[in-house]
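Chain and residue survey
The lines below spell out each chain.
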Amino acid sequence: MPQPLLVAAAAIMNDKGQVLIARRPAGVDQGGLWELPGGKLAPYETGFQALKREIGEELGIEVIKARPLIRVRHSYANKTVLLDVWKVLEFAGEPWGREGQPIRWVAVDDLVNYTFPAANKPIIKAVQLPDEYLITGNFADEQDALARLNRALEQGIKLVQLRAHHLDAEAYRCLAQAFLGPCQKAGAKLMLNADPELLKQVDADGIHLTAARLANYDQRPVPVDKWLAASCHDAKAIIQAENLRADFITLSPVLKTPSHPEAQALGWHNFNTLTDNAKLPVYALGGMNRQQLDRVFGLGGQGLAGITQYWS
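Given the structure is predicted, the values throughout are model-derived calculations rather than measurements.

1. Things to note about helix α2 (residues 121–128)
α2 sits mainly inside the fold: 6 of its 8 residues count as buried. Listed as buried for α2 are P122, I123, I124, A126, V127 and Q128. Tucked inside the fold, the buried residues of α2 contact β1 (5–12), β2 (18–23), β5 (62–75), β6 (80–92) and β12 (227–232).

2. Side note on the side chain of Q128
Along the chain, Q128 turns up in helix α2. Among all residues touching Q128, those that are not within four sequence positions of it are V108, D109, V112 and W227.

3. Re the packing of aromatic side chains
Applying the stated criterion across every chain, the model contains 8 aromatic pairs. Ring geometry for F248 versus Y283: centroids 5.5 Å apart, planes at 75°, classification edge-to-face. With F248 in strand β13 (residues 248–251) and Y283 in strand β14 (residues 282–285), this pair connects stretches of sequence that are 35 residues apart. Looking at F248, the relative accessible area reads 0%, which means it is buried. Given the relative accessible area of 0%, Y283 is considered buried.

4. Some remarks on the sheet that holds β13
In a beta sheet, neighbouring strands pair by backbone hydrogen bonds and run either parallel or antiparallel. Pairing is parallel around the closed barrel formed by 8 strands, whose spatial order is β8-β9-β10-β11-β12-β13-β14-β15. Sheet twist, expressed as the average angle between the axes of neighbouring strands with direction ignored, equals 25°. Judged from the 4 bridges that link them, strand β11 (residues 206–209) and β12 form a sheet pairing that is parallel. Following the sheet pairing, L209 is matched in β12 by A230. Sitting on the sheet, helix α6 (residues 235–243) touches β12 and β13, and the angle it makes with β12 is about 170°.

5. Observations concerning the pattern of salt bridges
Pairing between side chains becomes possible if they bear opposite charge and their charged atoms approach one another. In the structure shown here, the tally under the stated rule is 14 salt bridges. As a salt-bridge pair, E35 and R24 come within 2.9 Å of each other at their nearest N and O atoms. With a gap of 11 residues between them, E35 in strand β3 (residues 34–35) and R24 in the loop between β2 and β3 connect regions that are remote in the sequence. Assessed through its relative accessible area of 21%, R24 is described here as partly exposed. Close ionic contact of K125 with D247 constitutes a salt bridge, the shortest N to O distance being 2.9 Å. On the criterion of sequence distance, the pair formed by K125 in helix α2 and D247 in the loop between α6 and β13 is long-range, its members being 122 residues apart.

6. Some details on the environment of G287
Here G287 lies in the loop between β14 and α8 (293–298). Assessed through its relative accessible area of 32%, G287 is described here as partly exposed. Those residues in contact with G287, other than ones at most four positions away along the chain, are L255, K256, T257 and Q292.

7. A closer look at the pairing of β5
Here β5 runs beside β6; their pairing, made up of 12 bridges, is antiparallel. Across the sheet, the residue bridging to A66 is V88, located in β6. The antiparallel pairing of β5 with β6 creates a hairpin that spans 4 residues between the two strands.

8. Examining the nonpolar core
Core analysis: the biggest nonpolar cluster contains 56 residues, and V160, F179, L190, L192 and F271 have the highest contact counts within it. Residue contacts for F271: discarding those within four places in its chain leaves L251, V254, V282, A284, V296, L299 and G301. Of all hydrophobic cores here, the second largest spans 23 residues; its members include V19, L36, L83 and A126.

9. Some points on the packing of helix α3 (residues 142–154) against helix α4 (residues 169–186)
Taken N-terminus to C-terminus, the directions of α3 and α4 make an angle of 20°; their axes are 10 Å apart at the nearest point. Of the possible angle classes, the one that applies to α3 and α4 is roughly parallel. Relative to α4, the crossing made by α3 is right-handed. The segment α3 lies against α4, with E142, A145, L146, L149, N150 and L153 engaging L175, A178, F179, P182, C183 and A186. In the contact of α3 with α4, the residues fall into 10 nonpolar, 1 polar and 1 charged.

10. What about α6?
Listed in full, the buried residues belonging to α6 are A237, I238, Q240 and A241. Buried residues along α6 cover an arc of 160° about the axis, so they all sit on one side. Looking at α6, the residues exposed on the side facing more than 90 degrees away from the buried face are K236 and N243. At the N-terminal boundary of α6, the capping side chain belongs to D234, with an oxygen 3.3 Å from the backbone nitrogen of K236.

Analysis parameters
- Residues numbered from 1 in each chain as written.
- Predicted model: local features only at pLDDT ≥ 70, side-chain atom pairs only at ≥ 80, totals over all residues.
- Heavy atoms only, no water.
- Buried < 20%, exposed > 50% of the residue type's maximum accessible area, 1.4 Å probe, protein only.
- Helix = DSSP H or I, 4+ residues; strand = E, 2+ residues; numbered from the N terminus.
- Contact = heavy atoms within 4.5 Å.
- Phe/Tyr/Trp six-rings, centres within 6.5 Å; stacked < 30°, edge-to-face > 60°.
- Pairing = 2+ DSSP bridges.
- Axes fitted to C-alpha atoms, helices over the stretch in contact; angles between N-to-C directions.
- Salt bridge = Lys/Arg side-chain N within 4 Å of Asp/Glu carboxyl O.
- Core = buried A, V, L, I, M, F, W, Y, C linked by side-chain atoms within 4.5 Å.
- Parallel < 35°, antiparallel > 145°, perpendicular 65-115°, else oblique.
- Left-handed = near helix turned anticlockwise from the far one by under 90°.
- Nonpolar A, V, L, I, M, F, W, Y, C, P; charged D, E, K, R; others polar.
- Arc of directions from axis to C-beta.
- Polar contact = N/O pair within 3.5 Å; in protein donor to acceptor, adjacent residues only side chain to side chain.

What follows is the structure, given as structure tokens:
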């Protein structure tokens, strides 16, 4: 099997939360499509070295601060590419198309209005997703649940999964409806850990499938304008999530957790291997805390998912 073409790419963010995209020239492969700026690695270059060089050559700016975002392997009819994507958090200079390419600052939520090469699709999802994913834990009643939610939102949480398996269907629906207002006011997305049919009654942002629900579907169970996430524990589940065109997954347990002491932990090496082969953003779940966020980024993860550090 031929080695994949190694490409470094950059999700360059400005202080307005917009991302920079560029249009490919008409006469090249996939010409006319939009993409994140970047280019091929030269011999003996690391992804970050190539990124800095390519961004300087293409846009005339200097990358000051960046962190890994996602690595994507994608096979086209004539080649396989491995995209090493970095999120540029700080740069010097004013970007312009030094090679004559049109460039544009675009709001993250507006990226869906642009056509990208197929390999870029999981990258666009990763750009749209935050670093942290709150999963609700125990609560005494609806008032307690809303108080915990509001505290988390005040601390900057932008992605929430309402997980409450102890509630019956009607109680869950009522709580989900109550969660909508605070999440929308804070600009946070609300994922329902429930039957996808519930989206017809509660206009949340998407559905998070349990491992059991994930295994029961053979096609995407939510519309394309809603997010689909899934709980995965191994490579087989990740492939199933990809087949359903899920937007992101949680992968667990990375480390041992008091709540599931019987579960075999993946460990960091297996997390890295599974994440590197996944074709969608992956949140690390199980035994996580915020001090491990940089490690998760370095191993290819989208960020952290958890209950204790956000909900307790």
